[in-house]
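Descriptive analysis of the structure
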Amino acid sequence: MVNFELRRDRIVARWRDKKTEWVIEPRYWRNPTVGIGLLFILPVFVYSYPHILTMITTANLYAAIAIPLALQMLGTGRVNFGPQLYLGVGGYTAALLNLHFGWNPAMTLLATVVVCTVIALLLSPTTWIAKGLYFSLITLILPLTFLDVTYIWGDLFRGEVGLVGMSPLLSFEKVTWNYVAYYYLSLILMLLYLLFCDRTVRSRIGISMAAVNENENVARMMGVRVDAYKVFFYVAPSILTGIVGWFIVHTFRTFAGVTYLPLEFMTKILIIVIVGGRAFLYGAIPGAYLISIVEDSLRGLGPVNYFVFPLVLIALIVFLPRGEGLWGLYKKRRPRDYFPKLHVRRE
Amino acid sequence: MSDTLLQIVIYALIWGSIYLLISLGFSLICGVLRIFHLGYGVVFVLAAYLTWAFMEEAHLGLVPSIALMIVVQCAFALIVFYKGVFQRYLEEEEILLTVSILVFLAVAHLANYLYPVTAGVSIPSTIIDDVVTIGGVTLAWQMIIAALAGILVTAVYVVWFMKTRIGLIIRAVSQNLPAALLMGANVNRMYYLAMILSVIPPTICLVVIAPFWGVDPFMGAPLLMTAMLISILGGLGNLKGSIVASYLIGFIHASVSFIFVPRFMGFAALIVTLIVMIYRRGGIFAGETLW
Amino acid sequence: MLEISSVSKNFGGLTAVSDVSFSVKEGEVVGLIGPNGAGKTTMLNLICGIYKPDRGAIRFDGTDITGMASNKICKLGISRTYQIPQPFESMTALAGVLVGVLNGKKRSHMSLPDAALEASYYLEFVGLFSKRDTLARDLNLYELRMLELARALATTPKLLLLDEVMAGLNPTEAARALDMIWSAQDQFAITILWIEHVMKIIMNATQRVVVLQYGKKIAEGPPREVTSDPKIIEAYLGARYAQH
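Throughout what follows, the structure given in this document is the object of discussion. (Residues numbered from 1 in each chain as written. Chains lettered and ligands numbered in written order. Predicted model: local features only at pLDDT ≥ 70, side-chain atom pairs only at ≥ 80, totals over all residues. Heavy atoms only, no water.)

Thoughts on the overall build of chain C
Our working rule: The helix count covers DSSP runs of H or I at least four residues long, the strand count covers runs of E at least two residues long, and both are numbered beginning at the N terminus. The atom set for the radius of gyration is the C-alpha atoms, and the globule formula is 2.2 Å times the number of residues raised to the power 0.38. For this analysis, residues touch if any pair of their heavy atoms sits within 4.5 Å. Only the protein chains shown count as covering a residue, and every accessible area follows the Shrake-Rupley method with a 1.4 Å probe.
Counting its secondary structure elements, chain C contains nine helices and 10 strands. Here the C-alpha atoms of chain C give a radius of gyration of 18 Å, agreeing with the 18 Å that 2.2 N^0.38 yields for 244 residues. Projected onto its principal axes, the C-alpha positions of chain C cover 60 × 40 × 30 Å. Relative to all contacts within chain C whose residues are 6 or more apart in sequence, the contacts with residues 24 or more apart total 64%. Working note: accessible area of chain C is about 10,500 Å², and carbon and sulfur atoms make up 51% of it.

Below is the structure:
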């Protein structure tokens, strides 16, 4: 069925007439297999500290939001300042359906996907109607407007208090096992997202979108279906973010829009993408862990941390090199790989 | 029915004039520096809390506090934003915008930490502490004064841009930067001037509306959103567009408040902006030049 | 193969193209000449779907392509190069041609390595195989024009629209480019509509020539006939040179 071939530096898999290659990276600090292995065995060391487990689960979820955002920015070529809109949409869909209609997590997952798809399709015309900067601004405003909406219909959305008590995804007898299980689930979610986004960027769709980012008219003249691809690159990451919202609802079992929709949360995610480096996708993981650790350690300072945290983020941007970032694209053997340039003001 | 109509018209005019002040500075930076200043909300927070700090900690009177606050504001805008953020990250716009937001968040949370809402911050800048009734609608004199201040400041700005030499130079810089450079404009100095000019209307706005609008550390975000919507609607960086769009958004807010529920104001304004963008992609006065 | 019937296009008050009709038969090399500002590039843009004609119709192989979207026109078999080369600057030469290979016609099952193989074939055809890993912004003018040609050929066109390929090339490079285009026409059996200013090329390479001036067609016919017509000489050089 599937034939595997081991060459000197890569593994080639063939299925019917399709062929994929995995390059084996010799530098251990850049080898994703080593990194992923480390992430998998991490709980062995920390399983008795539930708050560290929560911290790394949160880090995985931050990365799971940042990776589709990076894909969206690469694909549409514009910066999306409001990825948390779909987090809120997905989360509230799952939470409300679970609380008021008693749907179990599998059904709420389906509902989340459907609702996010519908709303993303409704909003996708902004990718081609709104010129570059306008698109970024509209994405900035949308989550704040959604937050307003949750306050307006406060009896339904429970405003600042949020919704509590949704059914958990799984529960074991020992509480520690819950934490560990949630960590592994979030890790698998994040890795699936990474796989999906990586495959998309390295596929024909990815190369075509790189061409569109460079010069849209020329790409169109070469046969690239620009509008269809832009819609795909807007809708798909939105659905993925919505699924993270669903995950949050059923893992942490509380969901308040005010935690996830305002600007503070957005800056966290954006910093993860920016600090992750030009490669954006792989760099999101160490970036997310860094931000999560910083956030957790600052929490001990008390209420001042709300003031110190943005300053620390500014320091991170100023002092961390952005060329290769924390974890550049791991293939150094093809040095002339394509590094996309983000344009905020593009037409 | 006509009562509601009168209310809508009056409040549309008053809010429109107040929004003029809010969006003037934002459009100025957008049109001249071509940078979307997402940290613009800082101006409001600094205006309110610096004045309060000078009055409470240094025990200065109202007017000296305001004067000192304006000086600190200009310094903050020039040093932190212009030199610290804009000049460093001109090439990497996503970082520029993110750092602007972060500065705004840092300042807002600092204000919240030092003077939380419970500390009762207020700026006693009421000029006439009385109400007036116009055909069944009761208004505080302060609101009318705020509206008049808005119209006056905008008029001064427009006349200044149209009639003075420096105004001409700034307009030239906003229309075509390389050509202005070739004509000998000192672009850096114009940028400093534009930054300072953009700080003044929101400061005046805050000082006059503080008595009835209420002061809270996070007031910058909704005001920034309104300024952004007005800019998008009127055409980024276009003064004419800002003026028209301010009254338009004021009208939308007023009608939604009095016909439906006040909480829908922001949402309605967003929907209208999106609809206008479908038909005219650059806003009402597209063209991204100052006038 | 290509039929242009009474096409007109205005931009505001400026008439770029006014009531132009001509046709291109399969296998021909047709030149489109005229002084600057005659509307030649606009004509090309109209055929490619970048602008929509105000009046008139364009038919390609029997299908009406007036105002069709550019990517559909490309899939039907029309490709073009640009007067000022517009490569994908941060992408390597290979990647640029790769985009053409993957999107030029309907190939849903092509994997990236196979597409890269085909792209390198086109690069080798124009002589750029050694530069396949160079970023497009590091190539010189001749290589950029060859890259444009390779990219256009990679979309397997039936009709190739060339826009001033020889501009800025020295005589050696121009001769090599001409050879390349001839062998492309030979081996890929394409029809060519060629905008050009260099008269020597027009004489040698084209079988028929269409002359535009101020947006109108003023002559059509074999190159030698057309260029000795005093009306054409007057259009290019002014009335003083028309009598000789």
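Some details on a nonpolar patch on the surface
Residue and element names in this part refer to chain A. Defined as follows: Think of a patch as exposed residues, more than 30% relative accessible area, with no salt bridge, where like charges cluster within 9 Å and nonpolar side chains (Val, Leu, Ile, Met, Phe, Trp, Tyr) cluster within 5 Å. The salt bridge definition used is simple: a Lys or Arg side-chain nitrogen within 4 Å of an Asp or Glu carboxyl oxygen. The classification of residues rests on relative accessible area computed with a 1.4 Å probe and restricted to protein chains. Under 20% of the type maximum is buried, over 50% is exposed, and intermediate values are partly exposed.
There is a patch of nonpolar side chains on the surface, built from Phe 40, Ile 41, Val 44, Phe 45, Ile 188 and Leu 192 and spanning about 580 Å² of accessible area. Secondary-structure elements contributing two or more residues to the nonpolar patch are α1 (32-46) and α8 (175-201). Accessibility expressed as a relative area gives 53% for Val 44, which makes it exposed.

Details of the packing of helix α5 (residues 141-163) of chain B against helix α8 (residues 187-213) of chain B
All names here are of chain B. The condition is simple: Only the stretch in contact is used when fitting a helix axis, every axis being a line fitted to C-alpha atoms; angles between N-to-C directions are given from 0 to 180 degrees. Geometric relationships in this document are graded by angle, where less than 35 degrees denotes roughly parallel, more than 145 denotes roughly antiparallel, 65 to 115 denotes roughly perpendicular, and other angles denote oblique. Handedness of a crossing is defined here by the sense of rotation of the near helix relative to the far one, left-handed for an anticlockwise turn of less than a right angle and right-handed for a clockwise turn. Side-chain classes are defined by residue name, with Ala, Val, Leu, Ile, Met, Phe, Trp, Tyr, Cys and Pro counting as nonpolar, Asp, Glu, Lys and Arg as charged, and the others, Gly among them, as polar.
One can describe the packing of α5 onto α8 by two numbers: an axis separation of 8 Å at closest approach and a directional angle of 165°. Considering their axes alone, α5 and α8 lie roughly antiparallel with respect to each other. The hand of the α5/α8 crossing is right-handed. Facing α5, whose interface residues are Gln 142, Met 143, Ala 146, Val 153, Tyr 157 and Trp 160, α8 presents Leu 193, Leu 197, Ile 200, Pro 201, Ile 204, Val 208, Ile 209, Pro 211 and Phe 212. In terms of residue class, the contact of α5 with α8 is made up of 14 nonpolar, one polar and no charged.

Here we look at the pattern of salt bridges
All names here are of chain A. Evaluation of the coordinates by the stated rule reveals 15 salt bridges over all chains. The closest approach of N and O atoms between Glu 5 and Arg 7, which form a salt bridge, is 3.1 Å. The exposure class assigned to Arg 7 is partly exposed, which follows from its relative accessible area of 38%. Glu 295 is paired through a salt bridge with Lys 268; the nearest N and O atoms lie 2.4 Å apart. Highlighted residues: Glu 295 in helix α14 (residues 284-299) and Lys 268 in helix α13 (residues 263-275), separated in sequence by 27 residues. You can call Glu 295 buried: its relative accessible area is 12%.

Here we look at the interface of chain A and chain C
Rules: Buried area, as used here, totals the accessible surface that two parts lose on assembly, with accessibility defined by a 1.4 Å probe and the loss added over both. Whenever two N or O atoms come within 3.5 Å, that pair is a polar contact, provided that in protein one can donate a hydrogen and the other can accept it, and provided that, for residues adjacent in sequence, both atoms are side-chain atoms.
Facing the 25 residues of chain A at the interface are 33 residues of chain C. Around 2,500 Å² of area is buried between chain A and chain C when both sides are counted, 62% of it from carbon and sulfur atoms. At the surface where chain A touches chain C, the tally comes to zero salt bridges. Applying the counting criterion to the chain A and chain C interface returns eight residue pairs in polar contact (both at pLDDT 80 or more). Among the elements that make up the side of chain A that touches chain C, the one with the highest residue count is helix α9 (residues 204-214) of chain A (six residues). Its residues assigned to classes, the side of chain A that touches chain C comprises 11 nonpolar, five polar and nine charged.

Focus on the nonpolar core
Heads up, the condition is: For our purposes a nonpolar core is just a set of buried Ala, Val, Leu, Ile, Met, Phe, Trp, Tyr and Cys residues, chained together by side-chain atoms within 4.5 Å.
With 282 residues, the main nonpolar core has B:Leu33, B:Phe36 and C:Trp194 as its most contacted residues. Of all the elements, helix α1 (residues 2-32) of chain B adds the most residues to this core, at 16 residues. Other than its neighbours up to four places away in sequence, B:Leu33 contacts B:Leu28, B:Tyr82, B:Phe86, B:Tyr191, B:Ala194 and B:Met195. Grouped together as the second largest cluster of nonpolar side chains are seven residues, C:Ile202, C:Val209, C:Val226 and C:Ile232 included.

Description of the environment of B:Trp213
All names here are of chain B. For Trp 213, the position within the fold is in helix α8. Distance in space between the C-alpha atoms of Trp 213 and Met 143 is 9.5 Å, their sequence separation being 70 residues. Leave out the neighbours within four places in its chain, and Trp 213 touches Trp 15, Tyr 19, Met 219 and Leu 223.

Description of the pairing of strand β10 (residues 216-221) of chain C
Residues and elements named next belong to chain C. Worth spelling out the cut-off: DSSP-based pairing: two strands are paired if at least 2 bridges between them are found.
Strand direction decides the pairing type here: strand β9 (residues 208-213) and β10, joined by five bridges, are antiparallel. Following the sheet pairing, Val 210 is matched in β10 by Glu 220. Remark: two residues form the turn of the hairpin made by β9 and β10, two consecutive strands paired antiparallel; Tyr 214 in that turn has positive phi of roughly 50°.

Side note on the sheet that holds strand β7 (residues 159-163) of chain C
Residue and element names in this part refer to chain C. Judged by pairing direction, the sheet is mixed, and its six strands sit side by side in the order β6-β7-β8-β3-β9-β10 without closing on themselves. Lying at the two open borders of the sheet, with one neighbouring strand each, are β6 (78-80) and β10. Mean inter-strand twist for the sheet, computed between neighbouring axes without regard to direction, equals 20°. Helix α6 (residues 171-188) rests against β3 (29-33), β7 and β8 (191-195) of the sheet, and its axis sits at about 150° to β8.

Observations regarding a positive patch on the surface
Where we set the bar: By the counting scheme adopted, Arg and Lys are positive, Glu and Asp are negative, and His together with the chain ends is not counted. Taken as the charge centre is NZ of Lys, CZ of Arg, CG of Asp or CD of Glu, depending on the residue.
Together, A:Arg225, C:Lys72, C:Lys75 and C:Lys106 give the surface a local cluster of positive charge. Note on placement: A:Arg225 falls in the loop between α10 (216-221) and α11 (226-252).

As for the environment of A:Val218
Mapped onto the elements of the fold, A:Val218 is located in helix α10. Since its relative accessible area comes to 1%, A:Val218 is described here as buried. Among all residues touching A:Val218, those that are not within four sequence positions of it are C:Tyr82, C:Gln86, C:Phe88 and C:Arg151.

Some words on the side chain of B:Ser257
Residues and elements named next belong to chain B. For Ser 257, the position within the fold is in helix α10 (residues 239-259). A polar atom in the side chain of Ser 257 sits 2.8 Å from the backbone oxygen of His 253. Those residues in contact with Ser 257, other than ones at most four positions away along the chain, are Trp 15, Pro 262 and Met 265.

Quick notes on the packing of α13(A) against α14(A)
Residues and elements named next belong to chain A. Closest axis-to-axis distance for the α13/α14 pair is 8 Å, and the angle between their directions is 135°. For the element pair α13 / α14, the angle class is oblique. Seen along the crossing, α13 lies across α14 with a hand that is right-handed. In this structure, α13 contributes Lys 268, Ile 271 and Ile 272 to the contact, and α14 contributes Ala 284, Gly 287, Ala 288, Ile 291 and Glu 295. Of the residues contributing to the contact of α13 with α14, the split by class is five nonpolar, one polar and two charged.

With respect to the interface of chain A and chain B
Facing 39 residues of chain A, the contacting portion of chain B comprises 37 residues. Here chain A meets chain B over a buried area of about 3,900 Å², counting both sides, of which 78% is carbon and sulfur. Linking chain A with chain B are one residue pair in polar contact (both at pLDDT 80 or more). Among the elements that take part in the side of chain A that touches chain B, helix α6 (residues 132-152) of chain A stands out by supplying 12 residues, more than any other. Considering only residue class, the side of chain A that touches chain B consists of 34 nonpolar, two polar and three charged.

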